[in-house]
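The lines below spell out each chain.
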Amino acid sequence: QVHLVESGGGQAQPGGSLRLSCAASGFTFSSSGMMWDRQAPGKERERVATITTTGTTVYGDSVKGRFTIFRDNAKRMVYLQMNSLKPEDTAVYYCRSTLGFWGQGTQVTVSS
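We now turn to the structure provided with this report. (Residues numbered from 1 in each chain as written. Predicted model: local features only at pLDDT ≥ 70, side-chain atom pairs only at ≥ 80, totals over all residues. Heavy atoms only, no water.)

1. As for the state of the cysteines
Moving on, step 1. As enumerated under the stated definition, the model contains one disulfide in all.
Moving on, step 2. Between the sulfur atoms of Cys22 and its disulfide partner Cys95 the distance amounts to 2.1 Å. Taking the torsion about the S-S bond as the criterion, the Cys22 to Cys95 disulfide, at about -80 degrees, is left-handed. Of this pair, Cys22 sits in strand 3 (residues 18-25) while Cys95 is found in strand 9 (residues 91-97), placing the two residues 73 residues apart along the sequence. The pair formed by Cys22 and Cys95 is uniform in burial state, with each residue classed as buried. (Disulfide = S-S within 2.5 Å. Helix = DSSP H or I, 4+ residues; strand = E, 2+ residues; numbered from the N terminus. Buried < 20%, exposed > 50% of the residue type's maximum accessible area, 1.4 Å probe, protein only.)

2. Quick notes on the pairing of strand 1 (residues 3-7)
Within a regular beta strand, the side chains point alternately toward one face of the sheet and then the other, so they alternate between its two faces.
Moving on, step 1. Burial along strand 1 is one-sided: Leu4 and Glu6 are buried, while His3, Val5 and Ser7, pointing the other way, are not.
Moving on, step 2. The pairing of strand 1 with strand 3 spans five bridges and is classified as antiparallel. When the bridges of strand 3 are listed, Val5 appears paired with Ala23. (Pairing = 2+ DSSP bridges.)

3. A few points about the sheet that holds strand 6 (residues 57-59)
Moving on, step 1. Strand order in the open sheet formed by six strands is 2-10-9-4-5-6, and the pairing between neighbours is mixed. Edge positions in the open sheet fall to strand 2 (10-12) and strand 6, since each of these has one partner strand only. Strand after strand, the sheet turns through a mean of 25 degrees between neighbouring axes, direction not considered.
Moving on, step 2. In this structure, strand 9 lies alongside strand 10 (residues 106-110), joined through three bridges in antiparallel fashion. (Axes fitted to C-alpha atoms, helices over the stretch in contact; angles between N-to-C directions.)

4. Some remarks on unusual backbone geometry
Moving on, step 1. Positive phi outside glycine occurs at Arg76, with the angle close to 60 degrees.
Moving on, step 2. As for its position among the elements, Arg76 is in the loop between strand 7 (67-72) and strand 8 (77-82).

5. Concerning the nonpolar core
Moving on, step 1. Membership of the largest hydrophobic core comes to 27 residues, with the highest contact counts inside it found for Trp36, Val78, Leu80, Met82 and Tyr93.
Moving on, step 2. Listing elements by their share of this core, those giving two or more residues are strand 3, strand 4 (34-39), strand 5 (46-51), strand 7, strand 8, strand 9 and strand 10. (Core = buried A, V, L, I, M, F, W, Y, C linked by side-chain atoms within 4.5 Å.)

6. With respect to the side chain of Ser32
Moving on, step 1. Along the chain, the position of Ser32 falls in the loop between strand 3 and strand 4.
Moving on, step 2. Among the polar contacts listed, one links the side chain of Ser32 to the side chain of Thr98, at a separation of 3.5 Å.
Moving on, step 3. With near-sequence residues (within four places) excluded, Ser32 lies in contact with Phe27, Thr53, Arg71, Ser97, Thr98 and Leu99. (Polar contact = N/O pair within 3.5 Å; in protein donor to acceptor, adjacent residues only side chain to side chain. Contact = heavy atoms within 4.5 Å.)

7. Concerning the sheet that holds strand 1
Moving on, step 1. An order of 1-3-8-7 is seen for the four strands of this open sheet, with the pairing classed as antiparallel. In this open sheet, the two strands that pair with only one neighbour each are strand 1 and strand 7. Going from strand to strand, the sheet's axes swing by 15 degrees on average, the running direction of each strand aside.
Moving on, step 2. Strand direction decides the pairing type here: strand 3 and strand 8, joined by six bridges, are antiparallel. Considered in strand 8, the bridge of Ala23 is made with Met77.

Structure representation (structure tokens):
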């Protein structure tokens, strides 16, 4: 059974940092590209970051230079390091596999 379980969300102040984690099981993790998407209330889902099986990364324009996606295939984990957080980063963040699997999401709230 496939599971993608996000953790690490919470509240942060503007300018602060959070690290999201996603634990994967039930599929060949090393053969899957992984992504982080987010959805804010009343807005469409947005692709935040992608990491391929070879480690190539792609970022959405709104997070370039602030967020970093990385993976640990041995631990079957993908991470999103979020720095210089802004209130507009407030959203539910979802871990996603290119094989079509989704996590349940973790809330990130950036406010003072």
